Amino acid sequence: MAPSFSSSGLLDTLSAEVSLLREGDLGRLGRLITAVDAVRGQPEAPPLDAVRRLLAQLALSEGAAFETLRGLLAEAVAALPPSPAPGDASGPAPQPEPAPAPQPLESGGSGGAGARGPHAQPATAGGAVDRELFLEFVEESLSHLQSIELNILKLETEPGNRAIVDEIFRPFHTIKGVAGFLGLQLIHVVCHEMENLLDQARHGKLRISGAISDLVLETVDFLKSMIPMCRSAAEPTAALLPFKGRVQAMVERIVQANRQGLAAPAGSDPEPAAGSPPAADRPLGEILVGNRAATPEQVHQAVAAQRDQARPLGEILIAEQHVPVVEVAHALRQQQTSRAPHPQAAPAAAPSAGPAALAAEGGAAGSTENVRVRIALLDQLMTLAGELVLGRNQLLQKLAGVVDGVQGLNSILQHVDRVTSELQEAVMQTRMQPLGGLFSRFHRVVRDLARQLGKDIDLSIGGEGVELDKTLIEALTDPLTHLIRNCADHGIENPATRAALGKPAAGTIFLHAYHEGGKVHVKVGDDGAGVDLERVREKAIEANLVARDKAQTLSERETLRLLFTPGFSTARQVTGVSGRGVGMDVVLSNIERIGGSVEITTRPGQGTTFLLVLPLTLAIVPALVVSAGAQRFAIPQANLLELVHLDGEDASGAVLQVRGSEVFDLRGEMLPLLRLSRTFRLGEPPGGSGDGQPHADESLSIAVLTSGTKRFGLIVDQVFDTEEIVVKPLSTLLKNVGVYAGATLMGDGRVALILDMAGLARHAELALDDEAAHALAAKAAPVDAVEKQTLLLFNVHPSQQLAVPLSLISRLDTIRTSEIRPTVSGKVLPYRGQLLPLVCPEDHLSLVPPPQERERAHVLVFEIGRRTVGLVVTEIADAIETAVQLDDAAVAQKGFSGMAMVADRPTAFLDIYAVIETAYPHWFAREQEQRSRAIGAQPATILLVEDSAFYRTLEKNYLVEAGFQVVEAADGEEALDVLAQRPVNIVVTDIEMPRLNGFDLAARIRENKPYGHLPIVAVTSLSKDQERERGLKAGIDAYLIKLDREQLLAEIRRLLANKPAAA
Amino acid sequence: MASPQNLAANAANPAARDQHRQFVTFQLGGEFLGIDIARAQEILPAQAITPVPLAASHIVGLISLRGQIIAVVNLRRRLGLPAAADEGGGHHIVVRAESSIASLLVDSVSDIVDVPAGKFLPPPETVSRVNARYLDGVCQLERRILAVLDVDAVIDAG
């Protein structure tokens, strides 16, 4: 409708209407604006811009602001010049209300006419205001509609709560008012009818049944689809015209629902809304078509699909996105009205997308309008945004020379830059999800646990709204479950115990999330017994995780850290819940894998708390960029403890050799070292010595890293900057390599690999564990009374377990059998730029041959004299520390040193020297000569002093094999006894021994006249300069690494040649 | 040559797809090989490849394809053909397998051929030096035999 106004008539109307304006009376405001606009368009119209603007502002204001504006408006109206053109005095014809219902809710706001004031300057305004208003209207309405949805869901749980009905009513009223004000008739009508319907409910004349809730939600959806049309269109009213038919249908349905609801107000449910015939026993499809929720074609298609899929019709329609969930639920309810007296509960009958899905959808709608998007698509967006950054960088480089010459180019580039970053951020944002979803799962977990354990446990949850990257939330599920189990099982006491302690019978497990320092903190804990530190220490000693004397010196924090060691469990009873010694280490490694950390705090009798500190996202992580060979790698900052850079002399002194492996003395802590370029076979860096020994002029960069409870140093060739890198998934083709966490793109567009510290540590694990254990053992002398060896268990065929002492092996590697090349002199492997001679034990010993199709194999690398040789085996089973009773008579065959039970299996011990000698007899040709010469002469007698029967047997074998006579002694005292009784030619002694150690033995020998001149060779597993010096001072002639047979034999021969034999 | 419309039409119509198949063909170590065009995403010139230490020997390394990082397969090594003088050179055919995208290194891309479905036969054991387990089938063309690779076998098994 387009009423015509005259300016004189308008003036009268305005002065009258202004005094009648009430807050929230948007209909009246709308009519006034329409009237003002009509006059403004006419020639010789008075300056109405200020009035128009004030009217617009009034529509969106409330309270004191409203009153102030109304005062201003009154002044502005009074200031208008009297109209020169009388006539056409029809007042502002009010738009007829589209329905007969009285306009409800005239809220507060006192009257009071505005006084006529002086002339006001007309302000310039116009279309821009309109446009702004429409935009504001759209945003506000959408948020109103959201609140309606939430309240409808609330009402489902509290039916009949009038306060909630009010909350539903009010937004419709507001939207209606503004829509009318803006001339959006179609929206106005719908809201008006809904307002009427709800008004009945507010006054108790109508019950909001399930069907009516659905209708309200449907109306909300409808308005949601309609209202945003006003946003972009130049002519909003016209933009809504296509909705006209549907608006009429909607209005009709609401009116009908109102009527039917009024006809049956008392408790019983109204007939289904759509004016369709009674729905009971009608097919669902028919109801949906009748409700105009689906077209007959869609139903036919779904029925056809149903034959193939055997799924409920409604489910198919929802899945095909033909019909919203709410419609199906609604139709099902209609179908069931005759059967269920309270169809509100009826959606239970809906297919898999039942009440849960309905609620979920309603809940999800709580944020804004949602669209379901595939994660893959988001990842792609992320990737593309990253590409954009690269493209921009290249653009900047290329244009660097001309940027100053072209005006405005710089600001364009900056703009592109900013947009790109914002895009990246926005895409990141899409991956974030509130933790609430995950947290709420634990109610069930805790309830089940409590029942299982016969305890009373409450779960307190906080910070559900804290958001985390979706992938992080997924990765958190298992660790949190485990921690909660732990709290329930170990933490919370039995109700009786709690009662006795004066605690509430019900224990509490809490799960709280919050932001701190740019990270997300998740606290999981209980109010239970706390951790018994003493018991933890005892357990750790029992499990051989720590030496007894060391355990007592551990701080509380260090002790708690032991809980995360693999194989640790303090549960007094093994229950189905926890206590099997697996888990806590997995918790730690899982959390660290996502760049997080775990801290435990505990107070006796008050409980234990686990604090998980997590990054917000995994998609972008800070990382240190390093190089090895010519390649760059990224080390996640979360794993990096510190960087150590050593120059020249410092470098050569700081790296120690322990059993062929490198160890770094970091402020007293023995840190196992890995050389990245060697681990990755990338060739030694320029300046490196190539033999792995630190050179005097070599500088070292060591990244001190942590993974789980392990710490190790990674020697890299070069250290670059710390960068925020975008983590990209690794191709599935590379998943089994196991040492990479992903890949990233560097600034120059090249791909760089991200190192996975847990994987890298695992890759080098055997060496690491051995070194760490050894470093610890070296510190924690004297050695345990029970003699133990660290053995490497492996096999050529899984049916035969084989072993060698781990200390003999200098390296372990995995190879592809296809890399092995046959040559005339034997098999070789291209290895670190050289050819490594190989021994396949099954070629020389009677062993079951390896299984067919062995694609990968392991190589045990031994350093024999000046040679390096690799033993090819199929599987490495384990490295274990164990006491061994070696039966050296059990296997007569050359190449075996004996049999023993290890890890409950009969295990053959390889005599590695004999095996190698069989494979490469020419290496030993000279030695053979020497041996026969030795045998020809009177064989020399060696006193072998070694407390370990195991090593003693091994060493004795070598020596006897080499043609010597051997007398044994188990320690220094025993050695002195032997010396007193019989002559020997040379003493070979261990250093660390009970009763009398090697140093003291040497000193005692040197003091003693009859045999003071005897050559003494010390063999030890630890080579450290100060030890060596001490040995030399004590009178030891040669100081050798244990079990280097070649060196030992050479040294013995040299000393025997130099010194005359004993009398 | 296949236009996208044709491809779409073929994909939508099983009968049409049965009638003709298109293959991207290329030379590799003297072999004449092909890949179903539906599995080939794009063809790239030589790229800067980042090697992946400790990876399987037929994995040359990684490249970035518009920000997506994909693995490059040395097809010669994968198929057991003699190595080329220049390992990293040649063209990349980016292919889609069941679980991933990967790039196959080939010497040069020849053409796209259109083969009537009836000419597409299961791979005999001896037709090519390539192990039959990597082949999807063979086609007798005018002058020579085209061995068509099973992309999934080439990519996923490794």
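Trainee: How do you make sense of the overall build of chain B when you look at a structure like this?
Mentor: The number of helices and strands found in chain B is four helices and 11 strands. Looking at chain B as a whole, 39% of its 158 residues are labelled buried. Summarising the internal contacts of chain B: among those between residues at least 6 apart in sequence, 55% fall at separations of at least 24.

Trainee: What exactly am I supposed to notice about the overall build of chain A here?
Mentor: The helix and strand inventory of chain A stands at 37 helices and 34 strands. Across the 1063 residues of chain A, 40% fall into the buried class.

Trainee: Honestly, the nonpolar core in this entry has me stumped. Any pointers?
Mentor: Most often, soluble globular proteins have nonpolar side chains that are buried together. Ranked by internal contacts, the top residues of the largest apolar core, which has 130 residues, are A:Leu714, A:Leu755, B:Leu62, B:Ala71 and B:Val73. No other element matches helix α20 (residues 470-491) of chain A, which puts nine residues into this core. Those residues within four positions of A:Leu714 in sequence are excluded, and the remaining contacts are A:Leu674, A:Leu676, A:Ile702, A:Ala703 and A:Leu705.

Trainee: Which parts of the structure should I look at to understand unusual backbone geometry?
Mentor: Residues apart from glycine generally show negative phi values, whereas peptide bonds are mostly found in trans. For A:Arg681, which is not a glycine, the phi torsion comes out positive at approximately 50°. Relative to the helices and strands, A:Arg681 is located in the loop between α27 (676-679) and β14 (700-707). Unlike most non-glycine residues, B:Leu54 shows phi in positive territory, near 70°. By the element assignment, B:Leu54 lies in the loop between β3 (40-44) and β4 (59-65).

Trainee: Got a minute to help me understand the environment of A:Pro479 in this structure?
Mentor: Residue and element names in this part refer to chain A. As for its placement among the helices and strands, Pro479 is situated in helix α20. Judged by the 25 C-beta atoms lying within 10 Å of it, Pro479 falls in the buried class. Remark: the alpha-carbon pair of Pro479 and Val587, spanning 108 residues in sequence, is separated by 4.8 Å. What Pro479 contacts, discounting residues up to four positions off in sequence, is Val587, Asn590 and Ile591.

Trainee: Just checking my understanding: could you explain the environment of A:Ala50 for this structure?
Mentor: Summarising the element assignment, A:Ala50 is placed in helix α3 (residues 49-59). A C-alpha to C-alpha distance of 8.2 Å links A:Ala50 and A:Leu73, two positions 23 residues apart in sequence.

Trainee: Explanation requested: the interface of chain B and chain A in the structure shown.
Mentor: On the side of chain A, 23 residues touch chain B, which itself brings 23 residues to the contact. Those elements that place two or more of their residues in the side of chain B that touches chain A are β4 and β5 (68-74) of chain B. Classifying every residue of the side of chain B that touches chain A gives 14 nonpolar, eight polar and one charged.

Trainee: I keep staring at the packing of α20(A) against helix α25 (residues 584-593) of chain A and nothing clicks. Help me out?
Mentor: Axis angle and axis distance: for two packed helices, these are the angle between their axes and the distance between the axes, and together they describe the pair. All names here are of chain A. Their axes nearest at 9 Å, the elements α20 and α25 cross at an angle of 150°. In this view, α20 runs roughly antiparallel relative to α25, as classed from their interaxial angle. You can see that α20 and α25 cross each other, and the crossing is left-handed. Touching Ala475, Asp478, Pro479, His482 and Leu483 of α20 are Val587, Asn590 and Ile591, all from α25. Here the contact of α20 with α25 is composed, by residue class, of five nonpolar, two polar and one charged.

Trainee: How should I be thinking about the packing of helix α7 (residues 185-202) of chain A against helix α8 (residues 210-226) of chain A in this particular structure?
Mentor: All names here are of chain A. Their axes nearest at 11 Å, the elements α7 and α8 cross at an angle of 165°. By the angle class used here, α7 and α8 are roughly antiparallel. Of the two possible hands of crossing, α7 and α8 adopt the one that is left-handed. For the pair α7 and α8, contact is made by Ile187, Val190 and Met194 and by Val216, Thr219, Leu223 and Met226, respectively.

Trainee: I'm lost on the sheet that holds strand β9 (residues 631-636) of chain A in this one. Help?
Mentor: Residues and elements named next belong to chain A. Spatial ordering of the open sheet is given by β16-β8-β9-β18-β17, a layout of five strands whose pairing is mixed. Single-partner strands in this sheet number two, and they are β16 (718-726) and β17 (740-745). Pairs of neighbouring strands in the sheet enclose a mean axial angle of 35°, with direction left out of account. In terms of strand pairing, β9 meets strand β18 (residues 751-755) through two bridges, oriented parallel. What sits directly across from Ala634, in β18, is Ile754.

Trainee: Any chance you could explain the sheet that holds β3(B) here in plain terms?
Mentor: Each strand in a sheet pairs with its neighbour through backbone hydrogen bonds, running either in the same direction (parallel) or in the opposite one (antiparallel). Residue and element names in this part refer to chain B. Reading across the sheet, the five strands line up as β3-β6-β7-β5-β4 and stay open at both edges, with mixed pairing between neighbours. If you trace the sheet from one side to the other, it starts and ends with β3 and β4, each paired once. Recorded for the sheet is a direction-independent mean angle of 30° between the axes of neighbouring strands. Here β5 runs beside strand β7 (residues 101-106); their pairing, made up of four bridges, is parallel. The residue of β7 that forms the bridge with Val73 is Leu104.

Trainee: Looking at this model, I keep getting lost on the confidence of the model for chain B. Mind explaining?
Mentor: A low pLDDT means the predicted coordinates there should not be read in detail. Residue and element names in this part refer to chain B. Looking at chain B as a whole, the pLDDT averages 80, with 81% of positions reaching at least 70. With pLDDT under 50 throughout, residues 1-17 is counted as low confidence; its partners more than four residues away or in other chains account for nine contacts. Overall fold confidence (pTM) sits at 0.43, and the ipTM for the predicted complex is 0.84.

Trainee: Help me out: how do you make sense of helix α35 (residues 998-1007) of chain A in this one?
Mentor: Spacing of three or four residues puts side chains on the same side of an α-helix, whose turn is 3.6 residues. Listed in full, the buried residues belonging to α35(A) are A:Gly998, A:Phe999, A:Leu1001, A:Ala1002 and A:Ile1005. Considered in projection along α35(A), the buried side chains sweep an arc of 165° and stay on one side of the axis.

Trainee: How do you make sense of the confidence of the model for chain A when you look at a structure like this?
Mentor: All names here are of chain A. In this model, chain A carries a mean pLDDT of 74, and residues with pLDDT of at least 70 account for 73%. A low-confidence stretch, residues 84-129 (pLDDT under 50), is modelled with 76 contacts involving residues beyond four sequence positions or located in other chains. The low-confidence segment residues 265-280, where pLDDT is below 50, has 42 contacts with residues more than four positions distant or belonging to other chains.

Trainee: Explain the environment of A:Val419 to me, please; I cannot follow it from the model alone.
Mentor: Looking at the secondary structure, you find A:Val419 in helix α18 (residues 409-430). Separated by 30 residues in sequence, A:Val419 and A:Val389 place their C-alpha atoms 9.9 Å apart.

Cut-offs applied
- Within each chain, residues carry numbers counting from 1 in the order of the written sequence.
- To read the labels, note that chains go from A and ligands from 1, taken in the order they are written.
- Thresholds applied to this predicted model are a pLDDT of at least 70 for local features of residues and 80 or more for the giving and counting of side-chain atom pairs; totals over whole chains, interfaces and linings are not thresholded and use all residues.
- Helix and strand labels come from DSSP, where a helix needs a run of H or I of at least four residues and a strand needs a run of E of at least two; each type is numbered from the N terminus.
- Residues with at least 20 neighbouring C-beta atoms inside 10 Å of their own are called buried, those with 12 or fewer are called exposed, and the rest are partly exposed, where every C-beta is derived from the backbone.
- The contact criterion used here is simple: two residues whose C-beta atoms, placed from the backbone, lie within 7 Å are in contact.
- To count as a nonpolar core, a set of buried Ala, Val, Leu, Ile, Met, Phe, Trp, Tyr and Cys residues must be joined through C-beta atoms within 7 Å.
- Under the scheme applied, nonpolar residues are Ala, Val, Leu, Ile, Met, Phe, Trp, Tyr, Cys and Pro; charged residues are Asp, Glu, Lys and Arg; polar residues are all the others, including Gly.
- Orientation is described by lines fitted to C-alpha atoms, with helices fitted over the stretch in contact, and by angles between N-to-C directions that extend from 0 to 180 degrees.
- An angle counts as roughly parallel when it lies under 35 degrees, as roughly antiparallel when it exceeds 145, as roughly perpendicular when it falls between 65 and 115, and as oblique in every other case.
- Less than a right angle of anticlockwise turn of the near helix away from the far helix marks a crossing as left-handed, whereas a clockwise turn marks it as right-handed.
- Only strands joined by at least two bridges in the DSSP assignment are considered to pair.
- As a per-residue measure, pLDDT tells how confident the predictor is, with possible values from 0 to 100.
- Think of it as the arc spanned by the lines of direction from the helix axis to the C-beta atoms.

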